[in-house]
Amino acid sequence: GAMGVPLTVYGTGGQTRAFIHITDTARCIEIAIKKPPASGERVEIFNQIAETRRVRDVAALVAEQTGVDVNLLPTPRQEAAENELDVSNE
């Protein structure tokens, strides 16, 4: 595994998180720079989320690809053990 260090997942890993490729993030910034808003207006960048995944699924993928162990620890955060992330732009 990764230098023998296990991957830590807090809680059940059922929390959904959003992922975007770094090139997509850079493209959003490039567009905002090339087409700035009018003076006094805010830059408007909508969700450019490529996909959502549960933390435990990402951990399982990393473990499968690297052989690293996954440790599930109690979460220090005040959040639901499972959730669905809404990334719509409506």
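Basis of the calculations
Residues numbered from 1 in each chain as written. Predicted model: local features only at pLDDT ≥ 70, side-chain atom pairs only at ≥ 80, totals over all residues. Heavy atoms only, no water. Helix = DSSP H or I, 4+ residues; strand = E, 2+ residues; numbered from the N terminus. Contact = heavy atoms within 4.5 Å. Areas by Shrake-Rupley, 256 points an atom, 1.4 Å probe, with all protein chains shown as cover. Expected span 1.5 Å × (residues − 1). Salt bridge = Lys/Arg side-chain N within 4 Å of Asp/Glu carboxyl O.

A.B. asks: Tell me about the overall build of the protein chain, residues and numbers included.
C.D. replies: Each helix and strand in the protein chain was counted, giving 2 helices and 4 strands. Ordered by position in the sequence, the α and β elements of the protein chain form the string β-β-α-β-α-β. For the protein chain, restricting intrachain contacts to residue pairs at least 6 apart in sequence, the fraction spanning at least 24 positions comes to 92%. Counting only carbon and sulfur atoms, one obtains 54% of the accessible surface of the protein chain, whose full area is about 7,100 Å².

A.B. asks: Any chance you could break down helix α2 (residues 55-66) for me, citing the residues and the numbers?
C.D. replies: Taking 1.5 Å per residue, 12 residues should reach 16 Å; α2 reaches 16 Å between its end C-alpha atoms and fits that length. In the stretch just after α2, Gly 67 is the one whose phi turns positive, near 80 degrees.

A.B. asks: Tell me about the pattern of salt bridges, residues and numbers included.
C.D. replies: The full count for this structure, using the stated rule, is 3 salt bridges. For Glu 30, the salt bridge goes to Arg 27, with nearest N and O atoms at 2.8 Å. Placement of both Glu 30 and Arg 27 in helix α1 (residues 22-34) is noted, with a separation of 3 residues, approximately one turn of the helix. Between Lys 34 and Glu 30 there is a salt bridge, with the nearest N and O atoms lying 3.1 Å from each other. Of this pair, Lys 34 and Glu 30 both sit in helix α1, 4 residues apart, roughly one helical turn.

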